[in-house]
Amino acid sequence: MIHFSIRPIFCLFFCSSTLVVVGQVKSVTLSGIIKDQANPLSYVNVLLKAAKDSTFASGTISNDEGRFTISNIKPGNYYLEFSYVGYLTKKKSVYVGTLSGFLDEGTVEMTENAKTLNEVTITGQQDAVSEKLDKKTFSVADNISQSGGSVLQAIQNLPGVTVQDGKVQLRGNDRVTVLIDGKQTALTGFGSQSGLDNLPSSAIDKIEIINNPSAKYDANGNAGIINIIYKKNKQEGFTGKVGYASGLGALWVRKENLPTIRPQYQFTPKINPSLALNYRKRKINAFFQGDYLYTETLNKNEFVTRTYSDGTIINQQTKRNRNTAFTTLKTGIDWNIDDNNTLTVSGLFGSEKIIDNGDEPFFNGSTNERLRLWQFLEDELKTTVMVTTAYQHKFKEAGRLLNVGFNYTFHREDERYNFDNILPTYTGKDAFKLLSDESVYDFNVDYIKPLKYGRLETGIKLRKRDIPTNMQFIPGLNSPLDVNAGGAATYKELIPAVYGNYLFETKKVEAEAGLRFEYVDLQYEVNPNHNTYKSNGYNYSQPFPNIRFAYKLNDNNKLSIFFNRRVDRPNEVDIRIFPKYDDAEIIKVGNPGLRPQFTNSIELGYKKSWQSGYLYAAAYHRFADGTITRISSTVPGSTLIYAIFQNVKKSYNTGVELVLNENVGSWYSLTVNLNGYHNQIDAFTVQNLYPVPNTFSATQQEIYSGNLKLNNLFHFKHGVEAQLTAIYLAPDLIPQGKIYSRFSIDIGIKKVIQKGKGELFFNATDLLNSLVIKKQIQGDGFHYTSNDYYETQVVRLGYNYKF
């Protein structure tokens, strides 16, 4: 069992701010219909008054159909007063909560008879750290220390989030679904996450972290959901924003190269221009968002020492100098056909060009003899096109909605690797070319009906996804490439789903219950001449329930309990049959026999609010069956290591999370996020089929781990703000080993100029250049250690102007 010291956590406390935005409903619309015993009543006076002192809050009159609507009501206790000539005045007490933006009073019956009317209570719905305690919402603009960078860099400072090997983890788990404006896209991955390190944060308005998704969300992603919300202006007329940021990374060499290879990148440039335009007039809203992010990066600089049971020691370095040019364009139009019908058509284009120049030397144990040099050039172009159509119908009752959407995504991955395999007696020139075209069709219908004490949500979704892929190996002299492992493969996925979700709220109690039912049919057709794998697939029909119950102790204290069942379906890249040679001797291969991982989770949350801040605490437990993890093994007579995804037995993740936010004064606010957890993977035995069948067994693995983030936000005079962020990540469990502790400090400063229209910012990430990824892996007959000195320190300067 591995433990970590919490002493560094307390040392950090004095050197570090965050951007938590409480995601709750700030105003509510209340509606209903007024009738006598037979007919609707028109022109009834409807007044909303404060329950405490009967002061007037708002009012209206009913229309020809007897319907009334009162908007912009702040949460609180009120009563409605209905008066009409010839009818007895009627009063109803009303509780306006924060979980639902719309409340339906239903039918209010007035009578000419004198009766004592019973008071009726009305309820809404609450959003906590969101008020429901199910999500957190963050403004990207407030993340000063990461302005001008990628979405991945912006996310890594947020509470409960860590980044490991380019993947986002929530509470120590990387099974995260990433959405853009509530939809899965090829830019960020339909299965596992991807592309966040190259998506410019300049295009993003807010980021939502949803730890306990309801049934309306896809069931994929047991750790939770990250929803990236694009900017969109709501002001009348023509508005826009233009920005430019540039920076430098890899300011000095942290570790010298092994002998005989090309220099590693230094003083790497970053460029990020952006433009946002919006035109809103009467029934039309047109929008455009364009961003370009060019970076040169020391993407990988990993030093590995492999030790085998026969005494063989191999030292290697993997150095990857990367140039990336990423363009995203989003445009569309909202057409308000009339007061009740809206049509939105939008398009998204993404182009990501990657050039990697890599060197991988292999030396003996004493590093005085080079055994081999593997050099490569990767030329990759990823192209994404997405077209979305969304129709919304608003019924006469306020908040009652019908949403219909269709989304088409095309994503092409065009990749070529050229290798020089340099050995003492000869040099071989090898290559491979990969072409993958992904087409995804999504259709959804969603219906929302406000109720007297909450709301009802229901809908259907259909997804069809096809990915034909072709890998061609081009061998050279004495080629090490497995040329018989190439060829064509096709991934086909069909997922129809239906869901229902019910929310209920009173002054003291909140409840939510939902059920999503999914059918999945996945087929993976493999080149029949492949030397190891055959065509495979699976299907299932499964329910995915979610339950939430909350009790409000008072206006400032709430307890909430959650239950969720979710699934992690293997992504297409996880089951790809082709070996990947960007590391010549630690080779990654997919597994078409991989099956879904099902996870159940329970969570207890508590939130206490006060005038200057709040405390959020959660205790959670997840248990997964058929856990997906990557297994590294060797075959007899070879020192090559093959890393292959497998389903192992059960795994567990148990922990606590704390978020403390305090506005100390008008000049300073502090957010502290502490996450501690215990990870465990039960003992297992699996058989890897590639390149030849071999069996691997592992004993139970477990570790106590966690992380601490301290965010300090300073407000100075003359429109100046500054941010200081400190992050400590404790040692953690990875497949067959552990990753050691990491620590970094980020700073940022911005100044508002030009009467609030302009903004200058400067920031520096990993100020002390202390973030090094250190790992230890234990296999059957070998073990290795790894230290990755990749680029983490970047300084940026930028300017934004609003018009």
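In this text the structure is predicted, and so the values were computed from the model without any measurement.

Description of the overall build of the chain
When helices and strands are tallied, the chain shows three helices and 45 strands. Expected size for 803 residues packed as a compact globule is a radius of gyration near 28 Å; at 29 Å, the chain falls within 12% of this value. Projecting the C-alpha coordinates of the chain onto the three principal axes gives extents of approximately 105 × 60 × 50 Å. Taking all 803 residues of the chain together, 56% fall into the buried category. If you sum the accessible surface of the chain, you get close to 32500 Å²; carbon and sulfur atoms cover 57% of it. Of note, the chain has its 89 positive side-chain charges centred 4 Å away from the centre of its 79 negative side-chain charges.

Examining the sheet that holds strand S5 (residues 67-73)
What the three strands build is an open sheet, ordered S5-S2-S8; its pairing is mixed. Each edge of the open sheet is held by one strand with a lone partner, namely S5 and strand S8 (102-109). Averaged over all pairs of adjacent strands, the angle between their axes in this sheet comes to 15°, without regard to strand direction. Sheet topology places strand S2 (residues 28-35) next to S5; five bridges connect them, and they run antiparallel. In the strand pairing of S5, Gly32 is matched with Phe68.

A few points about the sheet that holds strand S7 (residues 87-96)
Taken together, the four strands give an open sheet; going across it, the order is S4-S3-S6-S7, and neighbouring strands pair in antiparallel fashion. Each edge of the open sheet carries a strand with a single partner, namely strand S4 (56-61) and S7. Taking the axes of each pair of neighbouring strands and ignoring which way they run, one obtains an average angle of 20° across the sheet. Where strand S3 (residues 45-50) and strand S6 (residues 76-84) come together, six bridges link them in antiparallel fashion.

Topic: unusual backbone geometry
A cis geometry characterises the amide bond from Tyr690 onward to Pro691, with omega recorded as -5°. At Ser54, a residue that is not glycine, the phi angle is positive and equals roughly 65°. For Ser54, the position within the fold is in the loop between S3 and S4. Even without being glycine, Asn72 reaches a positive phi, approximately 55°. With respect to the helices and strands, Asn72 occurs in strand S5.

Let's talk about the pairing of strand S22 (residues 427-451)
Judged from the 22 bridges that link them, strand S21 (residues 401-422) and S22 form a sheet pairing that is antiparallel. Considered in S22, the bridge of Phe406 is made with Phe443. Linking S21 to S22, which pair antiparallel, is a turn of four residues. The sheet contact formed by S22 and strand S23 (residues 454-474) spans 19 bridges and is antiparallel. Paired with Asp442 across the strands is Arg463, a residue of S23. Linking S22 to S23, which pair antiparallel, is a turn of two residues.

As for the pattern of salt bridges
Using the criterion set out here, one finds 44 salt bridges in the structure. Two residues, Arg67 and Glu397, come together in a salt bridge whose shortest N-O distance is 3.6 Å. One end of the pair, Arg67, is in strand S5; the other, Glu397, is in the loop between strand S20 (370-394) and S21, with 330 residues separating them in the sequence. Across the salt bridge formed by Glu493 and Arg465, the nearest N and O atoms sit 3.8 Å from each other. Here Arg465 lies in strand S23 and Glu493 lies in strand S24 (residues 487-505), a separation of 28 residues in the sequence. Assigned by exposure class, Glu493 and Arg465 land together as buried. Ionic contacts of the salt-bridge type, sharing partners, join the residues Asp218, Asp442, Lys461, Arg463, Arg516, Glu518 and Arg569 into one network.

So, a nonpolar patch on the surface
Taken together, Phe406, Tyr441, Phe443, Ile460, Leu462, Leu494, Val498 and Phe517 make up a surface patch of nonpolar side chains, about 660 Å² in accessible area. At the level of elements, S22, S23 and S24 are the ones that each hand at least two residues to the nonpolar patch. Mapped onto the fold, Phe517 is located in strand S25 (residues 509-526). Under the relative-accessibility criterion, Phe517 is labelled partly exposed at 38%.

Brief notes about the nonpolar core
Nonpolar side chains in soluble globular proteins generally cluster together in the buried interior. In this structure, Trp374, Tyr581 and Tyr690 are the most contacted members of the largest nonpolar core, which totals 51 residues. Every residue in contact with Tyr581, bar those within four places of it in the chain, is listed here: Trp374, Phe419, Phe473, Pro480, Leu481, Asp482, Ile587 and Tyr690. In this structure, Leu196, Ile209, Ala223 and Met386 belong to the second largest nonpolar core, which totals 26 residues.

Quick look at the confidence of the model for the chain
Looking at the chain as a whole, the pLDDT averages 88, with 93% of positions reaching at least 70. Scored below 50 in pLDDT, residues 1-23 makes 80 contacts in the model with residues more than four places away or belonging to other chains. Note on residues 114-128: pLDDT under 50 across the span, and 72 contacts to partners over four residues away in sequence or across chains.

Regarding the packing of aromatic side chains
Tallied over the entire structure, the rule returns 23 aromatic pairs. Each ring, one from Tyr538 and one from Tyr540, has its centre 6.4 Å from the other, and the planes form 5°; the classification is stacked. The pair formed by Tyr538 and Tyr540 is uniform in burial state, with each residue classed as buried. One aromatic cluster in this structure is built from Trp374, Phe376, Tyr417, Phe419, Phe432, Phe473 and Tyr581. Above the face of the Phe395 ring, Arg400 is positioned so that its terminal group lies 4.0 Å from the ring centre.

Quick word on the pairing of S4
When S3 meets S4, the two strands line up antiparallel, connected through five bridges. When the bridges of S4 are listed, Lys49 appears paired with Phe56. The antiparallel hairpin formed by S3 and S4 contains five residues in its connecting segment, where Ser54 sits at a positive phi of about 65°.

Definitions and cut-offs
Residues numbered from 1 in each chain as written. Predicted model: local features only at pLDDT ≥ 70, side-chain atom pairs only at ≥ 80, totals over all residues. Heavy atoms only, no water. Helix = DSSP H or I, 4+ residues; strand = E, 2+ residues; numbered from the N terminus. Rg over C-alpha atoms; globule rule 2.2 N^0.38 Å. Buried < 20%, exposed > 50% of the residue type's maximum accessible area, 1.4 Å probe, protein only. Areas by Shrake-Rupley, 256 points an atom, 1.4 Å probe, with all protein chains shown as cover. Lys, Arg positive; Asp, Glu negative; His and termini not counted. Charge placed at Lys NZ, Arg CZ, Asp CG, Glu CD. Pairing = 2+ DSSP bridges. Axes fitted to C-alpha atoms, helices over the stretch in contact; angles between N-to-C directions. Salt bridge = Lys/Arg side-chain N within 4 Å of Asp/Glu carboxyl O. Patch = residues over 30% accessible without salt bridge, like charges linked within 9 Å, V, L, I, M, F, W, Y side chains within 5 Å. Core = buried A, V, L, I, M, F, W, Y, C linked by side-chain atoms within 4.5 Å. Contact = heavy atoms within 4.5 Å. pLDDT = per-residue confidence, 0-100. Phe/Tyr/Trp six-rings, centres within 6.5 Å; stacked < 30°, edge-to-face > 60°. Lys NZ or Arg CZ within 6 Å of the ring centre and 35° of its normal.

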